[in-house]
Amino acid sequence: MKIKTVLLSLLIVPMICQAQNDSLKMQAAIGEVVVMGSRHHTTSRLTPISVSVISKQKIEQQHHSSLLPTLSQQVPGLFITSRGVMGYGVSTGAAGTMSLRGIGGAPSTAMLVAIDGVPQYMGLMGHPIADVCHSMMAESVEVLRGASSVLYGSNAMGGVINIVTQKMQQDGVEDNIELSYGSFNTLQSAITNRIKSGRFSSSAGATYNRTDGHRADMGFEQIGGNLNLAYDISSNWNISASGQVTHFNASNPGSVTEPIIDNDSRITRYASTLSVKNNYEKTSGAINLFYNAGRHRINDGYSAGEEPLGYRFNSRDEMWGVSIFQNTSLFQGNNIIVGIDYQHFGGKAWNKFLDGEPDKVSADKTMDEIAAYCNLRQRIARIIMLDVGLRYDHHSKAGAEWIPQAGVSLLLPRQMQLKAMVSKGFRFPTIREMYMFPPQNPDLKPESVINYELSLQQSLLDGKVSYGVNIYYIDGKNIIRTQPVDGRPLNINIGKVENWGVEMQVAWQISKAWRAEANYSYLNMRYPVAAAPKHKLYASVSYSHKRWSVSSGAQYINGLITLASPLTTQKGFVLWNANAEYSVTPRLRLFATIDNILDTKYQINAGYPMPGTTFMGGLKFKF
C-alpha cells in the first residue's frame, strides 16, 4: 500500500504544479502512430498504456533473421533468452523465453505474440514458438508493455508483441534479396516481393537459415515462407488473406555439465488469417477468422552411459477462432471499441515407440474460450484523455474472469504527457499444466496480476529529442507453481508476484547524419524468477551519410537469474555489437556485422555458454 500511495502522489503533484504554472495554449501534438493490433489507429499521446514501436528501419539495420534479438535490445523491460548464434528450439534446453517486467517465464505463456493482432501460440502448451518470428515479414513491431488483457485476453498478462506485416502503400513492384554468411558456417537468406496495383496488393517472402552452432551437436536449420493478399472492395471495405509456414530442425547438446546425445527436434508451424475490414469517417472494424497449427517430432535424447530412448515424442496441435470488433466515435473526442473473441484450441500428444508397441497418449484434449469486451476513450477539456475498459472471458474448464482497466492521460504543453493506468492481466491454465506430465492438475484456476503505472514522456526541439520514464508496480496472485503434495509433484495456484521497477528511454537526432538512442530498465522482484534481469541498459549511435550507414550499440545486463532451482545468477556482462552498410549502387548494398566484439564470456541459460565474437557479411539486392 505504501508503494501505491507513493506512485499516486508522484502522479498528482506534477499535474497540479503544471496546471498552476503553465496555462499557455497547448501545442499541436505530432504523435507516433500506433496500430494497436489493428483494433484502433491512434497516437502514443492518446493511449495510457506504454507502447514501444520498432520500425522496419531498425529491424533491417540489425540484419538478424529473427525479430527477437532486436526486440530484446530496443524495448526496455523486455528480455528474451538465447542459447546460440541462431535458433531457439523447443522442449528441453530451449531458449526464446520472453519476459516483460518479470512476467513471462519458461514457457512464455504470460506473453502474447500476435501477427496483425491475431494471437499465435501452441495449442497444447499455450506458449508462442520463438523460431517463427521472422524479420522478413515485419513492417514494424509494437510491444505493449504491461497487462493488456482487456483487448487481448488470456496470455497478455505481461504484455503483447504484435508483428505488423509488410504492406505496399503505392502502386508498383518491389523485390529484395538478402544473403549473408559468417561464423560457425552460419547462412541467412531471404527473398521478398511486394506488389500494389490499384485495389490489389500483395506481399510474399521466403527464408532459409542454418548454422552449425558454436558447440558440437548444436546445429539449426530453418525454412519459412509467408504470403499476404489484399483487395479494396471499395473505399470503405477491404478483404485480405494471409498465411505463414515455418519448419525447423534444432539440436540440443545439453548443458556443459550434463550433455545430452541425440536431443533433436523437427517442428512445423502453420498460420493463416482471413480478414474483412471496414473504415468509415466515424467507425471502423474487422472480422478476423484465423487458424494456426503445428506438428512436433522430438527425440528427448539420452545421457552418456545410458541406452537411447525407445520412443519419440509427437504432438499435433491447433488453435482457431474468430475476432470481431468495431470502433465508433459518437462525438468529438470520443471512441468506443466493442468486440467478441472466440478460440478453440488443443491437440494430441503421444509417445511413438520404435519397436512397434502401441502409442502411449499423454494428452488428447480441446478447450474453448469466448469473451466480450468494451473500451471507452473520452477526451475532456482538450487536455485530459480518459480510458476505461472491461472484458468478460469464459474458459470451458477453468471458469470465467472479469478484467477491468482504467487510465488517464494529461496532454500538456511543450509536447509533454503524464499518464496513469491500472490494468488487470490474466491467463488461463494450459492443457499441459492441467492434463500432461506428472505435475498436471485439472483443477487449476487462472493466474492474474494488477499493473499500476505512471509515465511521463516528452518531445523537444521539434521532435529531435524525445524521452520517456515509466514507474510501475505489479501485484499478482494464483501463479501456478509445482510443489510436492502427498509425495508427488503437483501444479498449484500458490505463487505470487510483487514486482516494481523503472523504465527509461531517450532518443536524440543530433544531426541529419547522426542519431543516438538509449533505454534502461530496473526490475525489483520480491519473488525472483529466471530470465528477468534486474538491470538492462542498451545504448546505440548511428551514422548515415551518402553511401555509408554505420551503427554500434552496447548492452549491459546485471542481476540475471539463469536457473531458478538451484538459484543460479550470471554476473553482470557487456555485449558490444556493430554493423556497417555501403551502397555500391542504388540497387546493391553490402553489409557486415560483428557481435560480442569484446568476446564476453556469459550464459543466459544455465550451462549453455554463449558464443564469443561472431562475424556476418552479406549483400542486399533490390530489383
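What counts and how
- Residues numbered from 1 in each chain as written.
- Predicted model: local features only at pLDDT ≥ 70, side-chain atom pairs only at ≥ 80, totals over all residues.
- Heavy atoms only, no water.
- Helix = DSSP H or I, 4+ residues; strand = E, 2+ residues; numbered from the N terminus.
- Rg over C-alpha atoms; globule rule 2.2 N^0.38 Å.
- Buried < 20%, exposed > 50% of the residue type's maximum accessible area, 1.4 Å probe, protein only.
- Contact = heavy atoms within 4.5 Å.
- Areas by Shrake-Rupley, 256 points an atom, 1.4 Å probe, with all protein chains shown as cover.
- Lys, Arg positive; Asp, Glu negative; His and termini not counted.
- Charge placed at Lys NZ, Arg CZ, Asp CG, Glu CD.
- Phe/Tyr/Trp six-rings, centres within 6.5 Å; stacked < 30°, edge-to-face > 60°.
- Lys NZ or Arg CZ within 6 Å of the ring centre and 35° of its normal.
- Salt bridge = Lys/Arg side-chain N within 4 Å of Asp/Glu carboxyl O.

Enquirer: An account of the overall build of the protein chain is needed here, citing residue identities and associated values.
Expert: Of regular secondary structure, the protein chain possesses five helices and 33 strands. Radius of gyration (C-alpha) of the protein chain: 24 Å, near the 25 Å computed for a compact globule of 623 residues. Dimensions along the principal axes, computed over C-alpha positions, put the protein chain at roughly 80 × 65 × 55 Å. Looking at the protein chain residue by residue over its 623 residues, the buried ones come to 52%. Across the protein chain, contacts joining residues at least 24 apart in sequence account for 60% of those joining residues at least 6 apart. Total accessible area on the protein chain stands at roughly 27,400 Å², and carbon and sulfur atoms take up 59% of it. For the protein chain, the distance from the average position of its 57 positive side-chain charges to the average position of its 47 negative side-chain charges is 7 Å.

Enquirer: I'd like to hear about the environment of Gln 62, residue by residue, with values.
Expert: Take Gln 62: it is sitting in helix α2 (residues 56–62). Owing to a relative accessible area of 10%, Gln 62 belongs among the buried residues under this scheme. With 517 residues separating them in the primary sequence, Gln 62 and Asn 579 have C-alpha atoms 7.3 Å apart. Not counting chain neighbours up to four residues away, the residues in contact with Gln 62 comprise Thr 70, Gln 73, Tyr 538, Asn 579 and Thr 593.

Enquirer: Tell me about the packing of aromatic side chains, and name the residues and values.
Expert: In the structure shown here, the tally under the stated rule is 13 aromatic pairs. A ring pair is formed by Trp 548 and Tyr 582, whose centres lie 4.9 Å apart and whose planes are at 50°; its orientation type is tilted. With Trp 548 in strand β28 (residues 548–558) and Tyr 582 in strand β31 (residues 573–583), this pair connects stretches of sequence that are 34 residues apart. We classify Trp 548 as partly exposed; its relative accessible area is 46%. With a relative accessible area of 28%, Tyr 582 lands in the partly exposed category. Consider the rings of Phe 573 and Tyr 602, whose centres lie 4.6 Å apart with planes at 20°: the pair is stacked. Residue Phe 573 is found in strand β31, and its partner Tyr 602 is found in the loop between β32 (588–595) and β33 (614–622); the two are separated by 29 residues along the sequence. No difference in accessibility class separates Phe 573 from Tyr 602, as the two residues are buried. Sitting over the face of the ring of Trp 350, Lys 348 holds its NZ or CZ atom 5.4 Å from the ring centroid. Between Lys 365 and the ring centre of Tyr 435, over which it is positioned, the NZ or CZ distance is 4.4 Å.

Enquirer: Tell me about the pattern of salt bridges, residues and numbers included.
Expert: Tallied over the entire structure, the rule returns 22 salt bridges. Linking Glu 433 and Arg 427 is a salt bridge whose minimum nitrogen-to-oxygen distance equals 2.6 Å. You'll find Glu 433 and Arg 427 in the same group, each marked buried. Between Arg 427 and Glu 447 there is a salt bridge, with its nearest N and O atoms 2.8 Å apart. A residue pair is termed long-range when its members are at least 10 positions apart, and Arg 427 in strand β22 (residues 416–427) and Glu 447 in strand β23 (residues 447–460) qualify at 20 residues. Owing to a relative accessible area of 4%, Arg 427 belongs among the buried residues under this scheme. Here the salt bridges do not stand alone but share partners, grouping Arg 101, Arg 145, Glu 453 and Glu 503 into one network.

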